[in-house]
Number of protein chains: 2
Amino acid sequence: MDTRPIGVFDSGLGGLTAVRELQRLLPGEDIIYFGDTGRVPYGSRSRETIIKYGRQDVAFLRTFDLKAIVIACGTVSTTALDLLAAETPIPVWGVVEPAVRAAADATKNRKIGLIGTQATIRSGAYERMLAGLDPEAEVLSGACPLFVPLVENGRFQPGDLVVETVAAEYLAPFRATGVDTLILGCTHYPLLTDIIGRYMGPGVTLINTGATCARQVADILTRRDALAKPGKAGVSRYYVSDSTEGFAQLAGIFLGRDVGDHVEQVDIWRY
Amino acid sequence: MDTRPIGVFDSGLGGLTAVRELQRLLPGEDIIYFGDTGRVPYGSRSRETIIKYGRQDVAFLRTFDLKAIVIACGTVSTTALDLLAAETPIPVWGVVEPAVRAAADATKNRKIGLIGTQATIRSGAYERMLAGLDPEAEVLSGACPLFVPLVENGRFQPGDLVVETVAAEYLAPFRATGVDTLILGCTHYPLLTDIIGRYMGPGVTLINTGATCARQVADILTRRDALAKPGKAGVSRYYVSDSTEGFAQLAGIFLGRDVGDHVEQVDIWRY
């Protein structure tokens, strides 16, 4: 048994798609979430800046006594996981490995698509991981730099002409190549599931990286007997680097539940 | 005569549209530009965060011995100009007043449109300034939160289906109301001049806030006899908070000239 909370962070709100699955699978766990809303998006910034921001995010979370940290951010997971894990004395998990395992399990034609931020695609992290797991699988990857601004602006409803147009542009090469599995390599993208799913068609499996990561975290903690005491409901607390105003409404959509009044602002530059 | 450089800053690259006009009007002036590329965009953040970032931008520029600071950022100009000017012992100028004067001069039907970031529209700064100048002019305003991500991603070419779709959505109410003057209340928007101009039609005057601001700066410095020595070509230096990699190419488009190797990275959090 380990009653310490799980720490989770993201550049903004996307990581809440992982928190949502953690809360569903492990309702007894306490969760500390940090969303860097004062500096979102990360995915178009340089490697050096992403590493600096990721270090500060981890340093803030480490002011709590945590059992593990989940990088629920595709950009930081692909750009800085090894480095952050090496620097941190508690386990640090990212979204890449569980997503690649899920994609390798799901694909039948071994053509896997990957969409993500510019930094995620530039990193080559998914391709390296998959090459180790299934050297014969092909990966087609493409950056979708406008998806995060669209989602953070609440533009993810099917029928929204702008997001449908952007999605069609980004996804056309994947449909043309006939991938049967598409990794949503950014934790913001699950909010676009309906739009992406409809465009790609029912034969394509979409991998939600936040959710697959949460499932792996649940597995590991269960195997290690590191879950909190059963029977007690966990508490989630949310921290953001911009004002807390306006956070609750959009966060509720990502989470599928109310964040309540457990939201505080943090000056991330102090870490 | 005043040989000190002019300081200019923006959340990212948009302020270069003001620098471009300054360089054209005052080729003898030295310019220090700061673009906060590690934290762009500002326009969707809270007032409190915009003030904090603006203060750091000014503090960095003040490490140089400047004759004046130009806030070539619609978001900071509308949200924090008074405060930053009051705190700073050299003149600090923003984009609002010159744009409002130009719009009041240009309009015939006294229906003026204003587009900008969410923070700019929320501030009400343009409406207040115009009410003092021409109480009978009407202002119709609307936020265009996706314009900055589109422009910073290089998506500003006429014919680009995504930006054309976004522009049509944002501008439809302005066309319907029959404004004859439209203030581009964000220094990124001049890159969308062709798209916006074609959509609004030839009867609508577009006010480029960066350029009108630069013209006012040139007027004031000339009147105060505060220009650099004539006959000497000015030097412009550029500082950014993200990596300098990739800056030069996009900056060249904003500036209409090569930035050369006068680009350095600065750790804005130290200010």
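Conventions we followed
Residues numbered from 1 in each chain as written. Chains lettered and ligands numbered in written order. Predicted model: local features only at pLDDT ≥ 70, side-chain atom pairs only at ≥ 80, totals over all residues. Heavy atoms only, no water. Buried < 20%, exposed > 50% of the residue type's maximum accessible area, 1.4 Å probe, protein only. Helix = DSSP H or I, 4+ residues; strand = E, 2+ residues; numbered from the N terminus. Contact = heavy atoms within 4.5 Å. Buried area = accessible area lost by both parts, 1.4 Å probe. Salt bridge = Lys/Arg side-chain N within 4 Å of Asp/Glu carboxyl O. Polar contact = N/O pair within 3.5 Å; in protein donor to acceptor, adjacent residues only side chain to side chain. Pairing = 2+ DSSP bridges.

(A) View of helix H11 (residues 247-255) of chain B. Residues of H11(B) that are buried include every one of B:Phe247, B:Leu250, B:Ala251, B:Gly252, B:Phe254 and B:Leu255, and no others. Here the buried face of H11(B) lies against helix H1 (16-25), helix H7 (147-152), strand E9 (236-240) and strand E10 (263-265) of chain B.

(B) Main features of the interface of chain A and chain B. Every contact between the two is made by 30 residues of chain A and, on the other side, 30 residues of chain B. Here chain A and chain B share an interface that buries about 2,300 Å² over both sides, 47% of which is from carbon and sulfur atoms. On inspection of chain A and its partner chain B, the count reaches four salt bridges. Between B:Lys52 and A:Asp267 there is a salt bridge whose closest N-O contact spans 3.5 Å. The tally of links from chain A across to chain B stands at 17 residue pairs in polar contact (both at pLDDT 80 or more). Sorting the residues of the side of chain A that touches chain B by element identifies helix H2 (47-61), helix H7 (147-152) and helix H8 (161-177) of chain A as the ones contributing at least two each.

(C) Examining the pattern of salt bridges more closely. Inspection of every chain in the model, using the stated rule, returns 30 salt bridges over all chains. B:Glu21 is the salt-bridge partner of B:Arg24, the closest N and O atoms lying 2.9 Å from each other. Placement of the pair is B:Arg24 and B:Glu21 together in helix H1, with a separation of three residues, close to one helical turn. Assessed through its relative accessible area of 57%, B:Arg24 is described here as exposed. Ionic pairing is found between B:Glu21 and B:Arg215, a salt bridge with its closest N-O pair at 3.0 Å. Of the two residues, B:Glu21 is situated in helix H1 and B:Arg215 in helix H10 (residues 209-223); the sequence distance between them amounts to 194 residues. A single salt-bridge network, built from bridges that share partners, covers A:Asp2, A:Arg4 and A:Asp65.

(D) Summary view of the pairing of strand E5 (residues 111-116) of chain A. All names here are of chain A. Within E5, five of the six residues are buried, which leaves it mostly tucked inside the rest of the structure. Relative to strand E6 (residues 138-143), E5 runs parallel, the two being bridged by six bridges. Counted as the bridge partner of Gly116 is Ala143 from E6. Here E5 runs beside strand E7 (residues 181-184); their pairing, made up of four bridges, is parallel. Its bridge partner lying in E7, Leu114 is registered against Ile183.

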